[in-house]
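Analysis of the macromolecular model
Here is what each chain is made of, one letter per residue.
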Amino acid sequence: MKRTVLITGAGSGIGAACARRLAALGDNLVLVGRRRAALEQVAAGTDALVLAGDAADSATWAGFVEQIRARFGGLDALVCCAGGHGLGSALETSDEAWEAAMRGNLHSAFHSARACLPLLVERRGSIVLLGSIASLAAGPEVCGYTTAKHALVGLNRSLARDFGPQGVRVNCVCPGWVRTPMADEEMQPLMQHYGEDLDAAYRRVTADVPLRRPATADEIAALCQFLISAEASIVTGAVIAADGGSTIVDVPTLAYTRLENPS
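Let me sum up the structure you'll find in this document. Everything numeric in this text was worked out from a predicted model, so none of it was measured.

**Topic: the packing of aromatic side chains**
Under the counting rule described, the total for this entry stands at one aromatic pair. Both rings, one in W61 and one in F64, keep their centres 5.5 Å apart while their planes meet at 80°; by these two values the pair is edge-to-face. Taken together, the residues W61 and F64, both in helix α3 (residues 61-72) and three residues apart, mark about one turn of the helix. Among the residues examined, F64 registers a relative accessible area of 7% and is labelled buried. One Lys or Arg, R204, reaches over the ring of Y194 and ends 3.6 Å from the middle of that ring.

What follows is the structure in structure tokens.
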């Protein structure tokens, strides 16, 4: 029997890469996102069920779950790729911006998981939450995003502990820089300040990353594919950095590296 996999944030970036990869494996897909046109473009040539709506809105999920059961009979995996920004320090973060960061990065994952868990329990399925290296460390002036992504690690561990006895595995993937449309936007200030093109901006933000490059969306999708597969059957509650080594760098010793490589 084919697996059925639901992907949130499936209209672009990592979510779209997951959809393409899993479609190639022959999985049934349920694609959730706010932009129907983008979802339909990703779904083209597949038998995917397209569900346009906000994953952070609990009211949408009852109808979504009914459609999934009617179309595919159940659900084997949930990959939560929906996310968003949360820029600014605490003093620069309005109530509205704080709420948007929580909705986009945390509430979307919680409501998706809560709605899908009954289906996943039936099939002893699995969940992958897309965190970030911001789940593990703080970047400058991204208070809402950092807080929400840290909270996602707590959600991951809670879900894994509570539903492991029912056979449901839950894991969190924490990418560093990934070349996606959202990340491309974040390169714009560097491009403008230094008069550089997009490739040069990515080289700049990964200059101290051991692998010296960003990930591709397909590399992150490959990790998600592994985590929902039978090959990862003993892995649950894990928080996996997929960051080219960013989070292993001892920041206070970077000065010595720059002595050796002043460029």
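**Side note on the pattern of salt bridges**
In a structure, side chains of opposite charge can pair up when their charged atoms sit close to one another. Applying the stated criterion across every chain yields a total of ten salt bridges. Between R21 and D218 there is a salt bridge whose closest N-O contact spans 2.7 Å. On the criterion of sequence distance, the pair formed by R21 in helix α1 (residues 13-24) and D218 in helix α8 (residues 217-227) is long-range, its members being 197 residues apart. By relative accessible area, which is 25% here, R21 ends up partly exposed. R71 is paired through a salt bridge with D47; the nearest N and O atoms lie 3.0 Å apart. With R71 in helix α3 and D47 in the loop between α2 (36-43) and β3 (49-52), this pair connects stretches of sequence that are 24 residues apart. A residue is classified by how much of its surface remains accessible, and D47, at 52% relative accessible area, is exposed.

**Considering unusual backbone geometry**
Backbone geometry places R124, a non-glycine residue, at a positive phi of 50°. Judged by relative accessible area, which is 56%, R124 ranks as exposed. Of note in this structure, E141 is not a glycine but carries a positive phi near 55°. Mapped onto the fold, E141 is located in the loop between β5 (126-130) and α5 (143-163).

Here is what the cut-offs are and how they apply
- Residues numbered from 1 in each chain as written.
- Predicted model: local features only at pLDDT ≥ 70, side-chain atom pairs only at ≥ 80, totals over all residues.
- Heavy atoms only, no water.
- Phe/Tyr/Trp six-rings, centres within 6.5 Å; stacked < 30°, edge-to-face > 60°.
- Helix = DSSP H or I, 4+ residues; strand = E, 2+ residues; numbered from the N terminus.
- Buried < 20%, exposed > 50% of the residue type's maximum accessible area, 1.4 Å probe, protein only.
- Lys NZ or Arg CZ within 6 Å of the ring centre and 35° of its normal.
- Salt bridge = Lys/Arg side-chain N within 4 Å of Asp/Glu carboxyl O.

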